[in-house]
Amino acid sequence: MAEPLAERMRPRTLDEYVGQQHLVGEGAVLRKMIDSGRISSFILWGPPGVGKTTIAQIIANKLDTPFYTLSAVTSGVKDVRDVIERAKSGRFFSSASPILFIDEIHRFSKSQQDSLLGAVERGIVTLIGATTENPSFEVIRPLLSRCQLYVLKSLEKDDLLALLERAINTDVELSKLKIVLKETGAMLRYSGGDARKLLNILELVVESESAEEIVITDELVEARLQQNPLAYDKDGEMHYDIISAFIKSIRGSDPDAALYWMARMIEGGEDPEFIARRLIISASEDIGLANPNALLLANAAFDAVMKIGWPEGRIPLAEAVVYLATSPKSNSAYMGIGAALETVKQTGNLPVPLHLRNAPTSLMKELGYSDGYKYSHDFPGNFVEQQYLPDRLLDTRFWHAQHSPSEEKLYQNMLRNWGDRFKD
């Protein structure tokens with residue numbers, strides 16, 4: 001079985017590398033470093049498919065030094081320590097430090113990153129990290145301070161077109177076919193500056209055609225991508241479709257569907273932190289007061305993912321997904337704040353009733369600030385009826401209970417306190 005096109009087209013030298021000339025062009029910082037054979041620790045930050053892993057592999061091919069690779073998706077603290085021990089034992093006194101490449105380093109938890117720190121400080125390994133997330137937020141400060149940071153950019157149109165032409169004309173499989181690039185707009189649009197995605201699209205379209213001459217048009221590309229339901233694009237339309245299906249499955253109380261869509265995101269390389277954030281939003285928006293514990297569990301899942309990293313982080317995420325999907329639902333708080341915000345936009349800065357105003361000075365007291373305010377805890381049941389809204393909005397309702405078992409208790413309490421005002 002042939003390797004995927006993107007892997008077959010991966011550059012082996014800097015001369016074959018496309019894009020990032022500010023880093024690898026003649027006289028640029030990374031080219032100088034690689035040509036000199038003296039590598040210091042650095043982190044490559046950029047979107048998917050712009051050549052971060054390729055740079056690491058070019059370094060591995062060019063330099064005569066041990067090169068170790070770990071993926072933060074599948075590696076834990078033990079794997080890091082094993083590599084560091086191998087690096088220690090395999091290094092001669094005068095030789096250059098072995099290189100440790102960690103792909104998706106932003107997925108390492110703090111404890112995993114801490115396990116690297118000593119080895120980098122003492123020069124046991126030279127670290128090359130790759131990340132799609134801002135290292136300022138995702139990499140611990142002591143580690144970041146010991147690494148140079150290089151930013152990679154999405155590939156430009158000319159880079160992508162050159163890559164397409166090279167693939168069609170030089171790839172061992174595609175060069176056997178007659179391929180005509182009549183239109184490239186759809187391919188460039190769907191790739192989003194991602195070389196790997198662009199080559200995957202080209203391969204998908206070519207493999208779906210059986211004609212002697214394959215004429216690639218925008219219409220053909222769009223049709224073939226729509227027929228490929230397993231495609232997952234973290235930055236494109238499919239990304240938003242799948243996260244939409246995920247949230248709607250939770251809202252619709254279907255834990256099986258919610259787990260399926262989360263699995264699709266995980267397999268597609270989605271950032272676990274993004275999934276965890278969406279769970280917190282769902283717990284607030286869709287479960288809400290029907291089960292206030294949902295927000296606590298979603299927050300706990302987020303914290304767990306940040307602490308333990310990946311792949312174990314999928315377990316607390318799955319627990320939260322099932323709990324949210326099987327919980328009773330209420331969006332009364334979500335609807336309430338929406339209604340309140342709309343009223344504020346329409347009515348502007350209405351004055352605060354005098355008895356609710358703060359009165360830190362004698363002048364303010366003389367003007368009636370705080371005069372007549374009733375302290376709720378001085379009354380039976382810690383409640384006394386008084387006006388809290390501006391005069392213009394007197395008796396306006398924003399929150400309407402949705403009568404789930406948990407929320408019904410809140411509603412009944414409001415009826416006891418306020419009477420007819422809270423009758424729906």
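Residues take numbers from 1 onward in each chain, read along the sequence in its written order. Totals for whole chains, interfaces and linings use all residues, but because this is a predicted model, local features are given only for residues with pLDDT of at least 70 and pairs of side-chain atoms are given and counted only at 80 or more. Calculated side-chain values reflect all of the structure's heavy atoms, with hydrogen atoms and water omitted.

(A) Looking closely at the overall build of the protein. Within the protein one finds 20 helices and seven strands. The C-alpha radius of gyration computed for the protein amounts to 29 Å, which surpasses the reference 22 Å derived for 424 residues by more than 25%, pointing to a less compact arrangement than a globule. Projected onto the principal axes, the alpha-carbon positions of the protein cover approximately 85 × 60 × 40 Å. Type-normalised accessible area, obtained with a 1.4 Å probe on protein chains alone, sets the label of each residue: buried when under 20%, exposed when over 50%, and partly exposed for intermediate values. Looking at the 424 residues of the protein, the share that counts as buried comes to 45%. Put simply, of all contacts in the protein between residues at least 6 apart along the chain, 71% involve residues at least 24 apart. We get accessible surface area from the Shrake-Rupley algorithm with a probe of 1.4 Å; when it comes to residues, only the shown protein chains can shield them. Here the protein displays about 22,700 Å² of accessible surface, and carbon together with sulfur accounts for 53% of that area. Secondary structure is summarised from DSSP: a helix means a run of H or I of at least four residues, a strand means a run of E of at least two, and numbering begins at the N terminus for each. The globule rule used here is 2.2 Å times the number of residues to the 0.38 power, and the radius of gyration it is set against is calculated over C-alpha atoms. Contacts are assigned to residue pairs that have any heavy atoms within 4.5 Å of one another.

(B) Broad picture of the nonpolar core. Among buried residues, those of type Ala, Val, Leu, Ile, Met, Phe, Trp, Tyr and Cys that are joined through side-chain atoms within 4.5 Å constitute a nonpolar core. M187, L202, I216 and V221 are the most contacted members of the largest nonpolar core, which has 27 residues in total. Among the secondary structure elements, those contributing two or more residues to this core are α1 (5-8), α9 (157-170), α10 (185-191), α11 (195-207), β7 (213-216) and α12 (218-226). The element that contributes the greatest number of residues to this core is α11, accounting for seven residues. In this structure, L202 is in contact with L5, L164, A167, I168, L174, M187 and I216, ignoring residues within four places of it in sequence.

(C) Highlighting the sheet that holds strand β2 (residues 67-71). Taken in spatial order, the five strands of this open sheet run β2-β3-β4-β1-β5, and their pairing is parallel. The open sheet terminates on both sides in strands that have one partner only, identified here as β2 and β5 (148-151). Averaged over all pairs of adjacent strands, the angle between their axes in this sheet comes to 15°, without regard to strand direction. Under this scheme, a helix contributes an axis fitted over its contacting stretch, all axes are lines through C-alpha atoms, and angles between N-to-C directions fall in the 0 to 180 degree range. Here helix α5 (residues 77-89) sits on the sheet in contact with β2 and β3 (99-103), set at roughly 180° to β2. Criterion used throughout: strands pair if DSSP finds at least two bridges between them.

(D) Examining the confidence of the model for the protein more closely. Here pLDDT means the predictor's own confidence in every residue, given as a number from 0 to 100. Mean pLDDT over the protein works out to 83, with 92% of the residues at or above the 70 mark. Helix α17 (residues 314-326) holds the highest mean pLDDT among the elements of the protein, 92, whereas helix α19 (residues 362-366) holds the lowest, 68.

(E) Representation of the packing of aromatic side chains in the model. Aromatic rings from Phe, Tyr and Trp, taking only the six-membered ring of Trp, are treated as a pair when their centres fall within 6.5 Å; an angle between ring planes under 30 degrees marks them as stacked, one over 60 as edge-to-face, and anything in between as tilted. Scanning the model with the defined rule gives four aromatic pairs in all. Measuring from ring centre to ring centre gives 4.8 Å for Y260 and W261, while their planes differ by 70°; the resulting arrangement is edge-to-face. Owing to a relative accessible area of 23%, W261 belongs among the partly exposed residues under this scheme. Here the aromatic rings of F383 and W418 are separated by 5.1 Å at their centres, their planes lie at 75°, and the arrangement is edge-to-face. Placement of the pair is F383 in the loop between α19 and α20 (405-418) and W418 in helix α20, with a sequence separation of 35 residues. One aromatic cluster is present, formed by F383, Y388 and W418 through successive ring pairs. Lysine NZ or arginine CZ positioned within 6 Å of the ring centre and within 35 degrees of the ring normal marks a charge as sitting over the ring. Seen from the ring of W418, R421 lies directly overhead, with NZ or CZ sitting 4.6 Å from the centre.

(F) Focus on the environment of I275. Counting through the fold element by element, I275 comes out in helix α15 (residues 272-287). Separated by 252 residues in the primary sequence, I275 and L23 place their C-alpha atoms 33 Å from one another.

(G) Geometry of the pattern of salt bridges. Whenever a carboxyl oxygen of Asp or Glu lies within 4 Å of a side-chain nitrogen of Lys or Arg, that contact is scored as a salt bridge. According to the stated counting rule, one finds 15 salt bridges in the structure shown. Note that R107 is salt-bridged to E104, the shortest N-O span being 3.5 Å. Each member of the pair, R107 as well as E104, is classed as buried. For R251, the salt bridge identified is with D286, shortest N-O distance 2.8 Å. With R251 in helix α13 (residues 237-251) and D286 in helix α15, this residue pair connects regions lying 35 residues apart in the sequence. Taken together, the shared-partner salt bridges connect R8, D171 and E203 into one network.

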